[in-house]
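Below, each chain spelled out in residue letters.
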Amino acid sequence: MTLDVALTGINAAGTELSTIANNIANSSTTGFKKSSVAFTDIYARSTFGAQRNAPGEGVNVSQINQDFTQGGMAATGNNLDLAIEGLGMFLVTDAGTPLYTRDGSFGLDREGFIVNAQGHRLNGYTTNEDSQIQPVTGELRIDYNDLRPKITENVVLGMNVDSSAEILPPFDVTDPATYNYTTSSTVYDSLGSEQVATLYMHKDAPNAWSSYLFVDGQEVSQPGGEELIFDTSGALQTVNGAPERKFSSTLFTPASGAEPMDLEFLLDNVTQYESPFGTNALSQNGYSSGGLSNFDVDPTGVIFGRFSNGQSRIMGQVTLANFANTQGLQPQGGNTWVKTFASGEPIEGEPGSASLGLIKSGSLEESNVDITEELVAMISAQRGFQASAQVISTDDQLTQTIMNLSR
């Protein structure tokens, strides 16, 4: 009986030492969560329960608990190294099988998918063709294809024309003496080629102006130009007799051979004051093609790509998952867990929402193992092992003494 009890103590101490050894071995493992052993005593039971004077039958390992407390943060500078500040786990898939991890050391595979060292693909919200996030979970991928050019459709112009300017002879683009002011903007055709759109301003009469639009030397304004009428306070009153402060060019074919295009000029911020001519705002909505130059991940998990043409777009959003009982997750190795009946179903969402933490890009979560604490626990487990072994030795001596009595 004593021998059996001591053996349970040795087995329990051995399990605790193995757990401590595993913790120490993974003290530098990214995202590792330490474990601890829970013990229960064993008593022989009858129909009416354990007897009051029962000495007990030893100890049993009831459970190995995982400690999911936050580990430290180590800065790496790699924008695909992600750490979670708070609750939540990354969702990755292995050939479609969902796995969960706190290890955020990710990179890219040859197809552009975001993967960890085991090749598991990171999941999150994907985007549609307009780079808008869709609340549908899928495998996240960085698209390295060139960003398609966007044809310029409108130009926003902010400008002041000098009310004291002289009235000039009829407009002639080849004669600078026939126009009062000019301003230019780069616009883009369907091939992404740059075209220079130049607007010439000609004063016809007090408070009355004409504008003429040329694109790379080709006139694309309406016949006779656009008529701009200002009121006595200097505000633009009508354009071509209409109250809308805008005008459109004629349809023209760019010199590059791209598809025909037209331009709409928005003139809400065009004024006529007695002050020097000046352009204070000039923007257009087109751009050339561009290659992906860099990307980063913000605290809410949004992957933001930047392109060589100065454009940017959203490429997806990393999501996190949390469980009602993280202790119920089953370890799978490789810093991953799978859900079980005990853990409950995952609750997924964007970082920073509900109870989910935020993402810190360029950092990794360190192991939450405290070496000093583990060494102290190891000494305690070792003492327990030695004491149980001593009980076996003592039981052997007693048995030997009893056997000697029969001689």
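Scoring rules and cut-offs
- Residues numbered from 1 in each chain as written.
- Predicted model: local features only at pLDDT ≥ 70, side-chain atom pairs only at ≥ 80, totals over all residues.
- Heavy atoms only, no water.
- Helix = DSSP H or I, 4+ residues; strand = E, 2+ residues; numbered from the N terminus.
- Buried < 20%, exposed > 50% of the residue type's maximum accessible area, 1.4 Å probe, protein only.
- Lys, Arg positive; Asp, Glu negative; His and termini not counted.
- Salt bridge = Lys/Arg side-chain N within 4 Å of Asp/Glu carboxyl O.
- Polar contact = N/O pair within 3.5 Å; in protein donor to acceptor, adjacent residues only side chain to side chain.
- Contact = heavy atoms within 4.5 Å.
- Phe/Tyr/Trp six-rings, centres within 6.5 Å; stacked < 30°, edge-to-face > 60°.
- Lys NZ or Arg CZ within 6 Å of the ring centre and 35° of its normal.

Trainee: For the side chain of Asp189, give the residues involved together with the corresponding values.
Mentor: Counting through the fold element by element, Asp189 comes out in the loop between strand S12 (181-188) and strand S13 (194-205). Put simply, Asp189 is tucked away with no salt bridge, and the nearest opposite charge, on Arg148, sits 12 Å away. In terms of polar contacts, Asp189 uses its side chain to reach the backbone amide nitrogen of Ser193, at 2.9 Å. Polar contacts involving the side chain of Asp189 include one to the side chain of Gln195, which spans 2.9 Å. In contact with Asp189, not counting residues within four places along its chain, are Lys150, Ile151, Gln195, Pro254, Ser256, Ala258 and Met261.

Trainee: Which residues make up the environment of Asp298, and what values go with them?
Mentor: Tracing the backbone shows Asp298 in the loop between strand S21 (292-297) and strand S22 (302-307). Take Asp298: its relative accessible area is 29%, and that puts it in the partly exposed class. Separated by 219 residues in the primary sequence, Asp298 and Asn79 have C-alpha atoms spaced 9.7 Å apart. For Asp298, the side chain forms a polar contact with the side chain of Thr300, separated by 2.9 Å. Within the structure, Asp298 has its side chain in polar contact with the backbone nitrogen of Val302 (distance 2.9 Å).

Trainee: Which residues make up the side chain of Ser210, and what values do they have?
Mentor: Its location among the elements puts Ser210 in strand S14 (residues 208-215). Within polar-contact distance, the side chain of Ser210 engages the side chain of Asp204 at 2.4 Å.

Trainee: Quick one: what's the story with the packing of aromatic side chains, residue by residue and with numbers?
Mentor: Scanning all chains against the criterion turns up twelve aromatic pairs. Seen in terms of ring centroids, Tyr181 and Phe277 are 5.2 Å apart; in terms of plane orientation they differ by 15°. Their pairing is stacked. One end of the pair, Tyr181, is in strand S12; the other, Phe277, is in the loop between strand S19 (264-273) and strand S20 (278-284), with 96 residues separating them in the sequence. Since its relative accessible area comes to 23%, Phe277 is described here as partly exposed. Taken together, the ring pairs in this structure connect Phe171, Tyr179, Tyr200, Tyr212 and Phe214 into an aromatic cluster. Sitting above the plane of the Phe113 ring, Arg121 keeps its charged end 3.7 Å from the centroid. Over the aromatic face of Phe113 sits the side chain of Arg141, whose NZ or CZ is 5.1 Å from the ring centroid.

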